[in-house]
Amino acid sequence: MAKSIPSSGAGAVRIILKNKEAFHFDLRERKEENGKQSYLFDVYYENTTGTLNVLMDHDEPVIAALNLSLGKVITLSNDTNLKKLCVYCINQVNA
């Protein structure tokens, strides 16, 4: 059983990356505009659900927000690991 995300949401992205087998996501929407692609995912991990919004420019996430049911919003500016999670999700969808 994978480690649960604490109710504070602290270290959520790091926990998800270390336990990818317990992390599931569904692509809800994909759009392309001016060479940039945006993605909206529904995400599920152990005790938490939420959404992941990503804007990619030249295969690089430039804007991203992980909104968790714990009331925590994680962005690229407050968690550097979010970039790795975005790239992982998009690579899985485009594989």
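Residues numbered from 1 in each chain as written. Predicted model: local features only at pLDDT ≥ 70, side-chain atom pairs only at ≥ 80, totals over all residues. Heavy atoms only, no water.

1. Thoughts on helix α2 (residues 82–94)
What counts, and what does not: Secondary structure elements are taken from DSSP: a helix is a run of H or I of four residues or more, a strand is a run of E of two residues or more, and numbering for both begins at the N terminus. What a helix is expected to span follows from its residue count: subtract one and scale by 1.5 Å. A simple rule labels every residue: compare its accessible area, found with a 1.4 Å probe on the protein chains alone, to the largest value its type can have, and call it buried under 20%, exposed over 50%, or partly exposed in between. This arc corresponds to the set of directions leading from the helix axis out to the C-beta atoms. What makes two residues a contact is simply this: any of their non-hydrogen atoms within 4.5 Å.
Here α2 spans 18 Å end to end across 13 residues, near enough to the 18 Å set by a 1.5 Å rise per residue. Among all positions in α2, only L82, L85, C86, C89 and I90 are buried. For α2, the angular spread of buried residues about the axis comes to 125 degrees, placing them on one side. Its buried side turned inward, α2 meets α1 (12–18), β1 (23–33), β2 (36–45), β3 (48–57), β4 (60–68) and β5 (73–75).

2. A look at the pairing of β3
Regular strands have side chains that alternate between both faces of the sheet. Formally: Two strands pair if DSSP finds at least two bridges between them.
Here 10 bridges tie β2 to β3, and the two strands are oriented antiparallel to one another. Bridge pairing in β3 places V43 opposite G50. Taking the residues that link successive antiparallel strands as the turn, the β2-β3 hairpin has two residues, and the phi of E46 there is positive, at about 40 degrees. Examined bridge by bridge, β3 and β4 share eight bridges and lie antiparallel to one another. Directly across from N53, in β4, lies its bridge partner A65.

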